[in-house]
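Reading the structure
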Amino acid sequence: MKQILITGGAGYIGSHTAVALVESGYTPIIIDDFSNSEKSALDGLKNILNQEVKTYIGDCNDKALVERIFSENEISGVIHFAASKAVGESTQIPLKYYANNIGSLLVMLETMKKFDVKNIVFSSSCTVYGQPDELPVLESTPRKDAESPYGNTKKICEDILHDHVKSKSGAKIVSLRYFNPIGAHPSSEIGELPLGVPANLIPFVTQTAAGLREKITVFGDDYNTKDGTCVRDYIHVLDLADAHVKSLEYLDSQEANFIDTFNVGTGNGNTVLEVIQAFEKVSERKLKYELGPRRPGDIEKVWANTDKVNKVLGWNAKYSLEESLRDSWNWQKRLSNL
Ligand code: WQD
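Residues numbered from 1 in each chain as written. Predicted model: local features only at pLDDT ≥ 70, side-chain atom pairs only at ≥ 80, totals over all residues. Heavy atoms only, no water.

Moving on, we come to unusual backbone geometry. With omega at 0°, the peptide bond leading from leucine 135 into proline 136 counts as cis. Along the chain, proline 136 falls in the loop between strand 5 (119-125) and helix 6 (149-166). In the Ramachandran plot, asparagine 50 falls in the positive-phi region, its phi being about 55° despite a non-glycine side chain. Inspection of the secondary structure puts asparagine 50 in the loop between helix 2 (40-49) and strand 3 (55-57). (Helix = DSSP H or I, 4+ residues; strand = E, 2+ residues; numbered from the N terminus.)

If you want it as structure tokens, here you go:
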């Protein structure tokens, strides 16, 4: 079976993609340094798949390790998730973000070329758009100056991928621009594991509902949106995982020296207050929240135009916001023994 190297494969999106790969007949191999994930994710994968997923513990910047992985296995493609991803943290330690996020991609591309592996799916982000002038945002929408060093690393990585293809390296690349991943596997065996105080909305919501946080602060209610709070496109992590499998299948039918970029969102936008209300309905719990000041760096509203990914990859999001929140809540209840 085709072996696919998943960098950061013990992480939130990586672990769900490992499940989707096995269910589609691939054999995932994980490399993860567990800097932003936990080994318990591997146990969760084993419980879901009834098989171990071969895992190498280490840093994707470790060229000797990456080359060993390629020499010990028959890798036919790579999905590159591994990166530092906390927007706020990236403004504190930008050099670590540039070294890690760009360095790991370069090691992956150089090693793939050395072992004549052509297919790679890259984890990009809608953050490259900044605040789009028109919505829903198209892949052809010009990227804007990044709001953070994290977002800038994603833009730089996209440019590296384009130049790598232009150099006739033979690579075949899909770059997926994620919107806001939420949800968890319905088994509650794997899910999002934020370290410390969650920066992202949904883990903060579920931890508040579980009594781990006193209340949610809504970052700004004076935006030009239907209720004054920010709008985002929240996509179930299972839908996101499926988009990676469809991307690998798509690459199989492309010629060498190929690159394409896709928005991966639901195509719908929801405000923060709508998410809170939807969660209260799904969890049947009242959430304590207060309206606070805007968070620096936040954009006002973004959601995806998904025409291209629907048409070219034959992919569309299947889960609703409520279903995603239900799975996030079930996962939190498992974590909190509720
Ligand atoms: C969503 C909305 C907040 C927390 C970031 C990155 C993106 C990706 C996902 C890595 C915003 C509001 C949040 C809270 C709130 N990261 N909010 N109270 O900022 O859209 O995207 O995370 O891959 O690249 O940019 O996601 O979940 O942090 O915020 O009001 O306690 O919820 O202001 O409007 P974001 P988020």
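So that's the structure; there's more coming.
In this approach, a probe sized like a water molecule rolls over the atoms, and the result shows the empty space that is left. Enumeration according to the criterion identifies one cavity of 30 Å³ or more in this entry. Counting only elements with at least two residues in the lining of the largest cavity, the list comes to helix 7 (201-209) and helix 11 (321-335). Of the residues in the lining of the largest cavity, the class split is six nonpolar, five polar and one charged. (1 Å grid on protein atoms, 1.4 Å probe; cavity = no way out; pocket = protein on both sides within 12 Å on 5 of 7 lines; lining within 4 Å. Points joined across faces, edges and corners; volume = space filled by probe spheres on them. Nonpolar A, V, L, I, M, F, W, Y, C, P; charged D, E, K, R; others polar.)

Further remarks concern the site of the ligand. In the vicinity of the ligand lie 18 residues, with Leu201, Thr217, Arg232, Arg295 and Asp298 positioned nearest. Taking threonine 217, its main chain carries an N or O atom lying 2.8 Å from a nitrogen atom of the ligand. The backbone of phenylalanine 219 places a nitrogen or oxygen atom 2.9 Å from an oxygen atom of the ligand. About the coverage of the ligand: the protein hides 90% of its 690 Å² of free accessible area. At three residues, the largest contribution of residues to the shell around the ligand is made by strand 8 (residues 216-219). (Near = heavy atom within 4 Å. Polar contact = N/O pair within 3.5 Å; in protein donor to acceptor, adjacent residues only side chain to side chain. Areas by Shrake-Rupley, 256 points an atom, 1.4 Å probe, with all protein chains shown as cover.)

Glancing now at the UniProt feature "domain: NAD(P)-binding" (unreviewed entry) in the chain. The residues that UniProt annotates with the feature "domain: NAD(P)-binding" (unreviewed entry) are residues 5-327. Between the C-alpha atoms that bound residues 5-327 there is a distance of 27 Å. The span itself is 39% helix and 18% strand. (UniProt positions renumbered as here; feature names shortened; annotations may be inferred.)

Before going further, it helps to spend a moment on the packing of helix 1 (residues 12-23) against helix 2. Packing of helix 1 against helix 2 leaves a shortest axis separation of 10 Å and a crossing angle of 25°. Here helix 2 runs roughly parallel to helix 1, going by the angle between their axes. Relative to helix 2, the crossing made by helix 1 is right-handed. Of the residues in helix 2, those in contact with Ser15, Ala18, Val19 and Val22 of helix 1 are Leu45, Ile48 and Leu49. Grouping the constituent residues of the contact of helix 1 with helix 2 by class yields six nonpolar, one polar and no charged. (Axes fitted to C-alpha atoms, helices over the stretch in contact; angles between N-to-C directions. Parallel < 35°, antiparallel > 145°, perpendicular 65-115°, else oblique. Left-handed = near helix turned anticlockwise from the far one by under 90°. Contact = heavy atoms within 4.5 Å.)

The next point concerns the sheet that holds strand 5. One open sheet accounts for seven strands, arranged 3-2-1-4-5-6-11; its pairing is parallel. Each edge of the sheet is formed by a strand with only one pairing partner; in this case those strands are strand 3 and strand 11 (258-264). Each strand axis lies, on average, 15° off the axis of its neighbour in the sheet, ignoring direction. Summarising the sheet, strand 1 (residues 3-7) and strand 2 (residues 27-32) pair through five bridges and their orientation is parallel. Within strand 2, the residue paired with isoleucine 6 across the bridge is isoleucine 30. Against the sheet, helix 1 contacts strand 1, strand 2, strand 4 (75-80) and strand 6 (172-178), and its axis sits at roughly 170° relative to strand 1. On top of the sheet, helix 3 (residues 63-72) reaches strand 1, strand 2, strand 3 and strand 4; it is set at about 160° to strand 3, its chief contact. (Pairing = 2+ DSSP bridges.)

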